[in-house]
Amino acid sequence: MDQNNQTQKEADKAFKKGKEALTTGLFQWKKDYNMGAMCFEDAAKLYKQSKNIVKEKESWSQALICNEQLNDPWAVGRNYESLITCILESPQIDFAELTALTRKAVMYFKASDSGMKAITLYVKVIKFLIEKEQFKIAEEILNETLQECEDQQAPSTKSDILSLYTEILCQTQRYSKVAELYQQEIQKAKAEPMKYPLNQYALVILIMYILQDEIMRANDETQNLIINVENFHKSLEFKAIDQMLNAFEKGDQKLFDEAALKSCVTSLYPPIIVRLLRKVKVRVIQMSKQPHDEDQRKKDLEKMIL
């Protein structure tokens, strides 16, 4: 307790020194924003140690005012990020405030040419919102993050963001939206010189139709993806989905479950896709476009990709 009191006193002293740096008078004609920013940041860290969240937030707010006056967008962005961390650690969360601060932090990080830092912050906040089941707000932030990934030309990061988006949509059973989202990404890949895991995207699309019990649509869309995704018909993902569709044609639950356990399926992210797939119950579906003869199947595939 004594140590905590001592830390609190040191924080108060640093905060007071920051205020004095911004006070003009007979012996100080100009506000010292450099000293103010430094003192308020020191105070904020000390208040954090003493678990005084209210004073910690006030200190970071004062620090960012100083850094704004110093025209230092990177420092302002970091101050906003620290305010966000305060909110995430608070027992009661003001989600409107969290959203507003996140957008401000991102604005300043982008102003300092730190777009990837903005994306990192976005992801941190999105994961927190998903954990708190604030799916609507998370979806708004996700859409902004996807746009930022495109602006930064960060395809691998974008794949991670798509996975987070997929988790929200699966949690709320909007499987058709997931399929639509990945269809859009496949179309974009044709026009943009960025590397996408298109076979995985195709597999996710087809699984979403299965989860909606739209087996015939999954069958038809498989044929379209063979045409639109180069070498999809040669991939492990295609073999897995082909086995799943054959399982429906035969009414074979074991065959379907074996396909769902293939590594290209179990490695899909987020894991909720795999969990949902394992709950699927197979029933017999007549597949009009599924040739039984393997040689004939190969010939048909060759015709489709020519």
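About the cut-offs
Residues numbered from 1 in each chain as written. Predicted model: local features only at pLDDT ≥ 70, side-chain atom pairs only at ≥ 80, totals over all residues. Heavy atoms only, no water. Axes fitted to C-alpha atoms, helices over the stretch in contact; angles between N-to-C directions. Helix = DSSP H or I, 4+ residues; strand = E, 2+ residues; numbered from the N terminus. Parallel < 35°, antiparallel > 145°, perpendicular 65-115°, else oblique. Left-handed = near helix turned anticlockwise from the far one by under 90°. Contact = heavy atoms within 4.5 Å. Nonpolar A, V, L, I, M, F, W, Y, C, P; charged D, E, K, R; others polar. Buried < 20%, exposed > 50% of the residue type's maximum accessible area, 1.4 Å probe, protein only. Phe/Tyr/Trp six-rings, centres within 6.5 Å; stacked < 30°, edge-to-face > 60°. Lys NZ or Arg CZ within 6 Å of the ring centre and 35° of its normal. Expected span 1.5 Å × (residues − 1). Polar contact = N/O pair within 3.5 Å; in protein donor to acceptor, adjacent residues only side chain to side chain. Salt bridge = Lys/Arg side-chain N within 4 Å of Asp/Glu carboxyl O.

Asker: Before we move on, can you summarise the packing of helix H11 (residues 215-228) against helix H12 (residues 236-250) with the specific residues and values?
Answerer: Packing of H11 against H12 brings their axes to within 11 Å, and their N-to-C directions diverge by 150°. What the angle tells us is that H11 and H12 run roughly antiparallel. Remark: the crossing between H11 and H12 carries left-handed chirality. Contact with H11, carried on its side by Ile215, Ala218, Asn219, Thr222 and Ile226, involves Phe238, Leu245 and Phe248 of H12 and no other residues of that element. Across the contact of H11 with H12, the residue classes break down as 6 nonpolar, 2 polar and no charged.

Asker: Give a detailed account of unusual backbone geometry, specifying residues and quantitative values.
Answerer: The residue after Tyr269, namely Pro270, is reached through a cis peptide bond having omega 10°. At Asn71, a residue that is not glycine, the phi angle is positive and equals roughly 55°. The topology assignment puts Asn71 in the loop between helix H3 (53-69) and helix H4 (73-88). The exposure class of Asn71 is exposed, given its relative accessible area of 67%. Although it is not a glycine, Gln173 adopts a positive phi angle of roughly 60°.

Asker: Any details on the packing of aromatic side chains? Residues and values, ideally.
Answerer: Across all of its chains, the model carries 6 aromatic pairs by this definition. Aromatic pair Phe232 and Phe238: ring centres 5.7 Å apart, planes at 80°, arrangement edge-to-face. With a relative accessible area of 0%, Phe232 lands in the buried category. For the pair Phe248 and Phe256, a centre-to-centre distance of 5.6 Å together with 80° between the ring planes defines the contact as edge-to-face. The ring of Phe15 has Lys55 sitting right over it, with the charged end atom 3.9 Å from the ring centre.

Asker: Mind laying out the environment of Asn219, listing which residues take part and the relevant values?
Answerer: Examined against the element boundaries, Asn219 turns out to sit in helix H11. What makes Asn219 buried here is its relative accessible area of 0%. For Asn219 and Asp242, which are 23 residues apart along the polypeptide, the C-alpha to C-alpha distance reads 8.6 Å.

Asker: So what's going on with helix H5 (residues 95-111)? Which residues, and what values?
Answerer: Taking 1.5 Å per residue as the helical rise, H5 with its 17 residues ought to reach 24 Å, and the 24 Å between its terminal C-alpha atoms agrees with that figure. Those residues of H5 that fall on the buried side of the exposure criterion are Phe95, Leu98, Thr99, Leu101, Thr102, Ala105, Val106, Tyr108 and Phe109. At its buried positions, H5 is contacted by H3, H4, helix H6 (115-131) and helix H7 (135-152). N-cap assignment for H5: the residue whose side-chain oxygen lies 3.2 Å from the backbone N of Ala96 is Asp94. Immediately downstream of H5, the backbone of Asp113 shows phi near 60°, a positive value.

Asker: Which residues make up the pattern of salt bridges, and what values go with them?
Answerer: Side-chain pairing between opposite charges can occur once the charged atoms of the two side chains come close. For the coordinates displayed, the defined rule picks out 16 salt bridges. For Lys158, the salt bridge is made with Glu150, and the minimal N-O distance between the two is 2.8 Å. Given a relative accessible area of 22%, Glu150 falls into the partly exposed group. A network of salt bridges, in which partner residues are shared, links Glu150, Lys158, Glu185 and Lys188.

Asker: Just give me the short version of helix H2 (residues 33-49), but keep the residues and values in it.
Answerer: Under the 1.5 Å per step criterion, the end-to-end length of H2 is 24 Å for 17 residues, consistent within 8% with the ideal 24 Å. Buried within H2 we find Gly36, Ala37, Cys39, Phe40, Ala43, Ala44, Leu46 and Tyr47. Where H2 is buried, its residues meet helix H1 (2-21) and H3. Just downstream of H2, Lys51 is the residue with a positive phi angle, here 60°.

Asker: Which residues make up the environment of Met287, and what values go with them?
Answerer: Summarising the element assignment, Met287 is placed in the loop between helix H15 (272-277) and helix H16 (294-305). Looking at Met287, the relative accessible area reads 6%, which means it is buried. Distance from Met287 to Phe248, taken between C-alpha atoms, is 8.5 Å for residues 39 residues apart in sequence. Leave out the neighbours within four places in its chain, and Met287 touches Ile215, Met216, Asn219, Leu245, Phe248 and Glu249.

Asker: Account for the environment of Lys51, with residues named and values stated.
Answerer: With respect to the secondary-structure elements, Lys51 resides in the loop between H2 and H3. Here Lys51 falls in the exposed class, since its relative accessible area comes to 74%. On a C-alpha basis, the gap between Lys51 and Val284 in space is 61 Å, while along the polypeptide they are 233 residues apart.

Functional significance is not addressed by these values, which are geometric in nature.
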